[in-house]
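Chain residues, written in single-letter form:
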Amino acid sequence: MDGEVVDEVTVKNLVKTRLKKKVPQLLDALNGKLRRHHREMIRDHWDHLVYLEKRITELEARIEAKAEPYLERIEQIDSIPGIERTSAVTIFAEVGPHVAEMFPSDAQFASWAGVCPGNNESAGKRRKSKTMQGNKHLKGALCQAAWANARSSNRIGQFFRRIRKRRGDKKANVATAHLLIRILHALMREKRSYQEIDVSLGDETSKKNPLDRYVKYIQQLGYSVQLNPIQ
């Protein structure tokens, strides 16, 4: 921006791997085509970025000041796996401190957020349906937290992967967001932090279903089968 000329030593210290062999070409690209009006445009963009960073810092300070009286509730939300500090503040800003009073059940809370299962049933048959619109900011934060748990070893991650096997990524994401909002409702109602619990989320069932199918097929062929687990 101030008319500097990039030298070879500077570029070598900045690049890695295969780019080290292309330092001469990089020097030509950086120095050869950069004219005065380019530098002026870069400075304009830089000044704008500095202004945005300053405004972001100021807004974050105002948000922290507003959130200070509710730090305990925000920390309870932050304790849920997949939800980091910024998302916790966003979620609290949308739901407020009186979730249990506003939504007596987690089903009502999930419906308001837009992460409840769709309802399209006719003559006893359930058809494909989309979730409701709901609160887009809360729904977005919950879906982001659901993706963050996709590879985790906790029960939320296990739930995500179990649904993904049968329904795919998108269905698993919304279903996990639904699980998260039920957990959120319980924590806000009981005013406590998240605690991991060891529960079975269908792993045994997922193994039992194909096993029963194989046994039934062998029996249809005229054989009896006795299953003994390997110790």
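Being a predicted model, the structure only gives us computed values, none of them experimental.

(A) Seen up close, the packing of helix H5 (residues 85-95) against helix H8 (residues 136-148). The interhelical angle for the contact between H5 and H8, taken along N-to-C directions, is 150°, at an axis separation of 9 Å. In this structure, H5 meets H8 at a crossing whose hand is left-handed. Of the residues in H8, those touching H5 at Ser87, Ile91, Glu94 and Val95 are His137, Leu138, Ala141, Leu142 and Gln144.

(B) View of helix H10 (residues 169-190). An ideal rise of 1.5 Å per residue puts 32 Å on 22 residues; H10 measures up with 31 Å between its terminal C-alpha atoms. Lys191, located one to two residues past H10, shows a positive phi value of around 55°.

(C) Geometry of unusual backbone geometry. A positive phi is found at Thr17, a non-glycine position, where the angle reads about 50°. Within the secondary structure layout, Thr17 lies in the loop between helix H1 (8-14) and helix H2 (23-32). Look at Thr17 and you get exposed, because its relative accessible area is 69%. Its identity as a non-glycine residue notwithstanding, Lys191 has a phi of 55°, on the positive side. Relative to the helices and strands, Lys191 resides in the loop between H10 and helix H11 (203-220).

Thresholds, definitions, all that
- Residues numbered from 1 in each chain as written.
- Predicted model: local features only at pLDDT ≥ 70, side-chain atom pairs only at ≥ 80, totals over all residues.
- Heavy atoms only, no water.
- Axes fitted to C-alpha atoms, helices over the stretch in contact; angles between N-to-C directions.
- Helix = DSSP H or I, 4+ residues; strand = E, 2+ residues; numbered from the N terminus.
- Left-handed = near helix turned anticlockwise from the far one by under 90°.
- Contact = heavy atoms within 4.5 Å.
- Expected span 1.5 Å × (residues − 1).
- Buried < 20%, exposed > 50% of the residue type's maximum accessible area, 1.4 Å probe, protein only.

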